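# Structure at a glance
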Amino acid sequence: GAGVSQSPSNKVTEKGKDVELRCDPISGHTALYWYRQRLGQGLEFLIYFQGNSAPDKSGLPSDRFSAERTGESVSTLTIQRTQQEDSAVYLCASSLEVISVLGTDTQYFGPGTRLTVL
Amino acid sequence: GQQVMQIPQYQHVQEGEDFTTYCNSSTTLSNIQWYKQRPGGHPVFLIQLVKSGEVKKQKRLTFQFGEAKKNSSLHITATQTTDVGTYFCAGRSYNTNAGKSTFGDGTTLTVKP
């Protein structure tokens with residue numbers, strides 16, 4: 001596709017339920033990031049996938065959060081037993097990141113999934 | 001780990017005034033990028049700086065990369081209401097080949113007409 005897509009665009013769930021968020025990166029982009037952005041706040045890094053390397057999970061806030069990526073394509077972010085403090089916009093970004101080539105670190109963001117936990 | 005800090009967190013200006021946001025990294029960077037997020041939108045790439053001391057301009061926006069490649073600034077001349085939004089910097093530590101870029105917390109600009 002032309003850009004990064006995310007689904008669903010909005011998700012309302014009840015406390016304690018599991019949710020799964022999806023990200024389709026730009027074709028050919030080796031790197032994929034997940035961020036969380038609470039209302040009026042900055043970008044909180046969650047997880048980073050780069051090619052076949054082990055993902056950098058250092059930003060995941062608890063073991064209720066997990067993410068997977070199939071090769072260099074789709075990624076899913078799963079939040080188990082959701083809590084009200086999980087309410088936020090979850091942003092996905094992809095990047096070409098061929099390290100030796102200048103200008104390839106640009107992150108292209110999807111429109112985000114707005115999660116509301118009641 | 002690498003830390004990227006931005007100041008100020010918020011800036012409110014009268015239309016026509018200038019605006020500057022500063023980005024400081026705890027480590028030397030291989031490059032730095034700037035993004036803009038309009039209210040209700042997602043971050044959009046503005047520019048990338050790579051060379052020590054580099055200066056780039058986009059109309060009323062001037063971007064600088066420090067000589068030591070540890071800090072950067074974005075300056076907007078004669079702000080307009082269309083400049084409203086949050087400006088983020090993001091940098092990759094110089095000595096990593098596989099690490100992630102790190103975002104600053106952003107500076108939110110509001111412009112009073």
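A few points on the structure. Treat the numbers as computed from the prediction; the structure is a model and nothing was measured. (Residues numbered from 1 in each chain as written. Chains lettered and ligands numbered in written order. Predicted model: local features only at pLDDT ≥ 70, side-chain atom pairs only at ≥ 80, totals over all residues. Heavy atoms only, no water.)

### Topic: the overall build of chain B
Note the cut-off: For helices the rule is a DSSP run of H or I covering at least 4 residues; for strands it is a run of E covering at least 2, with both sets numbered from the N terminus onward. A radius of gyration in this sense is built from C-alpha atoms; the matching globule rule multiplies 2.2 Å by the number of residues raised to 0.38.
When helices and strands are tallied, chain B shows zero helices and 11 strands. Reading the helices (α) and strands (β) of chain B from amino to carboxyl end gives β-β-β-β-β-β-β-β-β-β-β. Computed over its C-alpha atoms, the radius of gyration of chain B comes to 14 Å, within 12% of the 13 Å expected for a compact globule of 113 residues. Once the C-alpha set of chain B is aligned to its principal axes, its extents read approximately 45 × 25 × 20 Å.

### Quick notes on the environment of B:Ser25
Residues and elements named next belong to chain B. Test applied: In this scheme, a residue with accessible area under 20% of its type's maximum is buried, one over 50% is exposed, and one in between is partly exposed, where area comes from a 1.4 Å probe on protein chains only. Only heavy atoms matter for contacts: two residues are in contact if any of them lie within 4.5 Å across the pair. A 3.5 Å cut-off defines polar contacts: any pair of N or O atoms within that distance qualifies, except that in protein one atom must be a possible hydrogen donor and the other a possible acceptor, and neighbouring residues in sequence count only when both atoms are side-chain atoms.
Mapped onto the elements of the fold, Ser25 is located in strand E3 (residues 19–25). The buried category is assigned to Ser25, whose relative accessible area is 8%. Residues in contact with Ser25, not counting those within four places in the same chain, are Gln2, Gln3, Val4 and Lys70. A polar side-chain atom of Ser25 sits 2.7 Å from the main-chain carbonyl oxygen of Thr27.

### Structural notes on the state of the cysteines
All names here are of chain A. Note the following rule: Cysteine sulfur atoms are paired as a disulfide whenever they fall within 2.5 Å.
Applying the stated criterion to the full structure yields two disulfides over all chains. Each disulfide pairs two cysteine sulfurs, and for Cys23 the partner residue is Cys92, the sulfurs being separated by 1.9 Å. The S-S bond linking Cys23 to Cys92 shows a torsion near -65°; that makes this disulfide left-handed. Of the two residues, Cys23 sits in strand E3 (residues 19–24) while Cys92 sits in strand E8 (residues 88–95), which places them 69 residues apart along the sequence. Here Cys23 and Cys92 have matching classes, each one buried.

### A closer look at the interface of chain A and chain B
Quoted interface sizes are often the accessible area lost when the parts come together. Cut-off, in case you're wondering: Once two parts are brought into contact, the accessible area they lose, counted with a 1.4 Å probe and summed over both, makes up the buried area. Counted as salt bridges are all cases of a side-chain nitrogen of Lys or Arg within 4 Å of a carboxyl oxygen of Asp or Glu. Gly is put with the polar residues, along with every residue not named as nonpolar or charged; the nonpolar set is Ala, Val, Leu, Ile, Met, Phe, Trp, Tyr, Cys and Pro, and the charged set is Asp, Glu, Lys and Arg.
Between chain A and chain B, the contact holds 22 residues from the first and 19 residues from the second. Roughly 1,600 Å² is buried in total at the junction of chain A and chain B, and carbon and sulfur atoms are behind 54% of that figure. At the boundary of chain A and chain B, one finds zero salt bridges. Our count for the contact surface shared by chain A and chain B stands at three residue pairs in polar contact (both at pLDDT 80 or more). Put simply, the parts of the chain that give the side of chain A that touches chain B at least two residues each are strand E4 (31–37) and strand E5 (44–50) of chain A. Ranked by the residues each element gives to the side of chain A that touches chain B, the list is headed by E4(A), at three residues. Grouping the amino acids of the side of chain A that touches chain B by side-chain chemistry returns 10 nonpolar, nine polar and three charged.

### Points about the packing of aromatic side chains
Stated precisely, the cut-off is as follows: A pair of Phe, Tyr and Trp rings is counted when the ring centres sit within 6.5 Å of each other, with Trp represented by its six-membered ring. The angle between the planes then sorts it: under 30 degrees is stacked, over 60 is edge-to-face, the rest tilted.
This structure, assessed with the given rule, holds 11 aromatic pairs over all chains. On the numbers, 5.7 Å between centres and 35° between planes, the contact of A:Tyr35 with A:Phe109 is tilted. With A:Tyr35 in strand E4 and A:Phe109 in strand E9 (residues 108–109), the pair connects residues that are 74 residues apart, well separated along the chain. The residues A:Tyr35 and A:Phe109 share a single accessibility class, namely buried. Considering the side-chain rings of A:Phe109 and B:Phe103, the 5.9 Å spacing of their centres and the 80° angle between planes classify their relative orientation as edge-to-face. In this pair, A:Phe109 is assigned in strand E9 and B:Phe103 in strand E10 (residues 102–103), connecting two distinct chains.

### Quick notes on the sheet that holds strand E1 (residues 5–7) of chain A
All names here are of chain A. The line we're drawing: A strand pair is defined by DSSP finding two or more bridges across the two strands. Axes here mean lines fitted to C-alpha atoms, for a helix over just the part in contact, with angles spanning 0 to 180 degrees between N-to-C directions.
Read from one edge of the open sheet, four strands run E1-E3-E7-E6, paired in antiparallel fashion. On the outer flanks of this sheet lie E1 and strand E6 (65–69), each paired with one strand and no other. Neighbour to neighbour, the strand axes of the sheet diverge by 15° on average, direction disregarded. Note: E3 against strand E7 (residues 75–79), five bridges, orientation antiparallel. If you follow Cys23 over to E7, its bridge partner there is Ser75.

### Here we look at the layout of surface pockets
Stated formally: With a 1 Å grid laid over protein atoms only, a set of points is called a cavity when a 1.4 Å probe fits there but cannot get out and a pocket when it is open yet has protein on both sides within 12 Å along at least five of seven lines; lining residues have an atom within 4 Å of a point. Grid points are joined across faces, edges and corners, and a volume is the space filled by probe spheres set on the points.
Considered as a void within the structure, the largest pocket measures approximately 990 Å³ in volume. As for the largest pocket, its lining consists of 48 residues, and the residues nearest its centre are A:Gln37, A:Arg38, A:Gln41, A:Gly42 and B:Gln37. Of all the secondary-structure elements, those providing two or more residues to the lining of the largest pocket are E4, E5, E8 and strand E10 (113–117) of chain A together with strand E1 (4–7), strand E9 (85–93), E10 and strand E11 (107–112) of chain B. Of the residues that constitute the lining of the largest pocket, the class distribution is 17 nonpolar, 25 polar and six charged.

### Let's talk about the nonpolar core
All names here are of chain A. The condition that has to hold: Each nonpolar core is a collection of buried residues, namely Ala, Val, Leu, Ile, Met, Phe, Trp, Tyr and Cys, held together in the definition by side-chain atoms within 4.5 Å.
Within the largest apolar cluster, 20 residues are counted, with the highest numbers of intra-cluster contacts made by Trp34, Leu77 and Tyr90. For this core, the secondary structure elements donating two or more residues are E3, E4, E5, E6, E7, E8 and E10. Ignoring anything within four residues of it in the chain, the contact list for Tyr90 reads Gln6, Leu21, Trp34, Tyr35, Arg36, Leu46, Phe65, Leu77, Ile79, Gly112, Thr113 and Leu115.

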